[in-house]
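# Commentary on secondary and tertiary structure
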Amino acid sequence: METPQEHREALPPFLLAFPGPLRDQLVAAVLSGEKVSTTGLLAEYEVEKEELPPVGERSALIDSDGREIAVLELTEVRVMPLGQVDLQHALDEGEGYDSVDAWRAGHEAFWHSDEMREALGDPSFTVHDGTLVVAERFRVVERR
């Protein structure tokens, strides 16, 4: 007998950071309700030749072991210059930042990491106020 899960349509993956401690921390923050937004680089979508996800899209939150942990639904997708990210968005990322400057320093460290530069195919990639980012808001609709 097939289980209901076998009838489910495959959902696109929702990946936070790279597998490891940071991803584990971010997934835990999503599950606790502390993290309801995330920020990526528009350049990531361009390198992967992916379109931006539409509002309402559901995706599978993936943990460091590649397991589907929850289903998320996008409630907002905005493209904006990095210099326009506001405090509410930084707070809603659920990573403990208490200022935009602290949020930006943490994100710049990630975006300037060797791993991210390799993923972008640019060993000297750096961000600035005008760098376009994708700010997404989401909600958990199902835990798996």
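To keep things clear, this report deals only with the structure shown in the data block. (Residues numbered from 1 in each chain as written. Predicted model: local features only at pLDDT ≥ 70, side-chain atom pairs only at ≥ 80, totals over all residues. Heavy atoms only, no water.)

### A short note on the packing of aromatic side chains
Summed over all chains, the structure comprises 3 aromatic pairs. When the centroid spacing of 5.3 Å and the interplanar angle of 65° are considered together, the rings of F14 and F138 count as edge-to-face. Of this pair, F14 sits in strand β1 (residues 13-14) while F138 sits in strand β5 (residues 132-143), placing them 124 residues apart in sequence. In this structure, F14 and F138 share a single accessibility class: buried. Geometrically, the ring pair formed by F18 and F110 is tilted, given 5.5 Å between the ring centres and 40° between the ring planes. Placement of F18 in the loop between β1 and α1 (21-32) and of F110 in helix α4 (residues 100-111) is noted, with a sequence separation of 92 residues between them. For F110, a relative accessible area of 23% gives the class partly exposed. (Phe/Tyr/Trp six-rings, centres within 6.5 Å; stacked < 30°, edge-to-face > 60°. Helix = DSSP H or I, 4+ residues; strand = E, 2+ residues; numbered from the N terminus. Buried < 20%, exposed > 50% of the residue type's maximum accessible area, 1.4 Å probe, protein only.)

### Here's the deal with the environment of E95
Considering the arrangement of structural elements, one finds E95 in the loop between α3 (87-92) and α4. A C-alpha to C-alpha distance of 21 Å links E95 and S59, two positions 36 residues apart in sequence. With near-sequence residues (within four places) excluded, E95 lies in contact with L26, K35 and H107. (Contact = heavy atoms within 4.5 Å.)

### A look at the pattern of salt bridges
Oppositely charged side chains can pair when the atoms bearing their charge come close. Taken as a whole and assessed by the stated rule, the structure comprises 12 salt bridges. Between D63 and R67 there is a salt bridge whose closest N-O contact spans 2.6 Å. The residue E68 makes a salt bridge to R144 at a minimum N-O spacing of 2.2 Å. Linking E68 in strand β4 (residues 68-81) with R144 in the segment after β5, this pair joins segments that are 76 residues apart in sequence. You can call R144 partly exposed: its relative accessible area is 33%. It is possible to trace a salt-bridge network through shared partners that takes in K35, E93 and E95. (Salt bridge = Lys/Arg side-chain N within 4 Å of Asp/Glu carboxyl O.)

### Quick look at unusual backbone geometry
In the Ramachandran plot, A17 falls in the positive-phi region, its phi being about 55° despite a non-glycine side chain. With respect to the secondary-structure elements, A17 resides in the loop between β1 and α1. Residue class for A17 comes out partly exposed when judged on its relative accessible area of 22%. Although it is not a glycine, K49 sits at a positive phi angle of roughly 55°. Overall, the relative accessible area of 76% leaves K49 in the exposed class.

### A short note on the nonpolar core
Nonpolar side chains in soluble globular proteins generally cluster together in the buried interior. In this structure, L41, L82, V85, W103, W111, V127 and V133 are the most contacted members of the largest nonpolar core, which totals 14 residues. Elements supplying a minimum of two residues to this core: α4, α5 (114-120) and β5. Aside from chain neighbours lying at most four places away, what touches V127 is L41, L82, E108, W111 and H112. By size, the runner-up hydrophobic cluster in this structure holds 11 residues, among which are L16, L26, A70 and L74. (Core = buried A, V, L, I, M, F, W, Y, C linked by side-chain atoms within 4.5 Å.)

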